[in-house]
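In case you want the letters, here they are:
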Amino acid sequence: MKNLTDAEIIESVKKGNQADYAILIDRYKNKAFTMIKRMLKNDFDAEEVLMDCFFKAYNNLSTFKFESKFYTWFYRIVYNSALTKLSSAKRKIENEMSSVDDLHFLQSSYNADDLVKEDLSLLVKKIVNELPPKNAAVISMFYFEEMSTEEIADILQISVSNVKVILYRSRNILKEIIERRNLYQEVL
Amino acid sequence: MKNFNDDMLNRYLDNELSNEDKNSLQSSFENNPEIKKRYDALLITHNLLKNVQPDLTSIDFSKMVMQKISKRRIIEFQQKRFLFSVLSLFLIIIVGILGYVFYEIISTIQLSDSSKTISVYSNLVGNYFSVFFGKKNLSILGSVLSLIMLISGYFLYDYQKHSKKNFSH
């Protein structure tokens, strides 16, 4: 069963095999959770929103016409739900639109001595967490979900060149943080 | 010599530079250690990001989602059953009213001998309905119907509220 494609699983669910939907959940839950957590910066909220996303996707499965891949459709739900959560939590929407060039706080967020002691993967996650939601979402989809820039553009409903701009800027700022903290020595 | 900014380095990293720019950049790496150093830093960042492990949801996450879906289906089924019951009740009342109207119509028509048996039965039914829907009982019936509608509405609202509350937990 686990080798079934997304389309086959959806067809099965549409035919009434509700339990098969669990395969889709297992397939995408951790990757989607990684992205949503990077956007919301909070485990509890991330899991709650993700649960709603899977539920929304299930309820709207009948409208899914296989014109796009399931995961791009699903990630669009995830991304939009995360944005809704952010705005409903009255967080500053400017964060979403702000440029990484303005994020001076990034340069003084961490103490190098503390950082180098941490697990590298955790450290990188921590740095990505400091990016604005849209940048964090792009980094997360590109690296953690291994999506192409075209797929990301489709999910975020922006142009591919805009995705690249966000990706490059995010990468540069992460590079700067790592460089300033002399973390490369730890990596190499 | 061409000035390679971070944007160009990013594009080189993603293999999006033209062959000409690519060759030019590669020769810059040999001649300009500063550019090479910047690229290496970017490459390390790229590799660091590539090796990040995904975050994990709670162990019973899938189970919780499936439970939520199942619960929703049960609620929908119960709501449908409730609506069906209320609609059935109104349907019975409508059939009764139509029966009475039908009786009133056929009682004004002269019937042949062969129809007398039917006439007797329809008279019986008609009498029953005429008593039931008589002027005296009509206001009572209206009040009872209104009360039923109000009670149904209240229970439906309460039920929806209760279901929504349970569902959100």
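Here the structure is shown first, and the text comes after it.
Engineer: Can you tell me about the pattern of salt bridges, naming the residues and giving the values?
Structural biologist: If the charged atoms of two oppositely charged side chains come close together, the side chains can form a pair. Counted according to the given criterion, the structure contains 15 salt bridges over all chains. In this structure, aspartate 6 of chain A engages arginine 27 of chain A in a salt bridge whose closest nitrogen and oxygen atoms are separated by 2.7 Å. Of this pair, aspartate 6 of chain A sits in helix 1 (residues 6-14) while arginine 27 of chain A sits in helix 2 (residues 21-40), and the two are 21 residues apart along the sequence. Between lysine 29 of chain A and aspartate 26 of chain A there is a salt bridge, with its nearest N and O atoms 3.5 Å apart. With lysine 29 of chain A and aspartate 26 of chain A both in helix 2 and three residues apart, the pair spans about one turn of that helix. Given a relative accessible area of 11%, lysine 29 of chain A falls into the buried group. Through salt bridges with shared partners, one network takes in Lys37, Arg38, Asp43 and Lys125 of chain A together with Asp55 of chain B.

Engineer: Explain the environment of serine 148 of chain A residue by residue, including any values.
Structural biologist: All names here are of chain A. By the element assignment, serine 148 lies in the loop between helix 8 (133-144) and helix 9 (149-156). Classification of serine 148 as partly exposed rests on a relative accessible area of 29%. Taking the C-alpha atoms as reference points, serine 148 and valine 163, separated by 15 residues in sequence, lie 10.0 Å from one another.

Parameters and conventions
Residues numbered from 1 in each chain as written. Chains lettered and ligands numbered in written order. Predicted model: local features only at pLDDT ≥ 70, side-chain atom pairs only at ≥ 80, totals over all residues. Heavy atoms only, no water. Salt bridge = Lys/Arg side-chain N within 4 Å of Asp/Glu carboxyl O. Helix = DSSP H or I, 4+ residues; strand = E, 2+ residues; numbered from the N terminus. Buried < 20%, exposed > 50% of the residue type's maximum accessible area, 1.4 Å probe, protein only.

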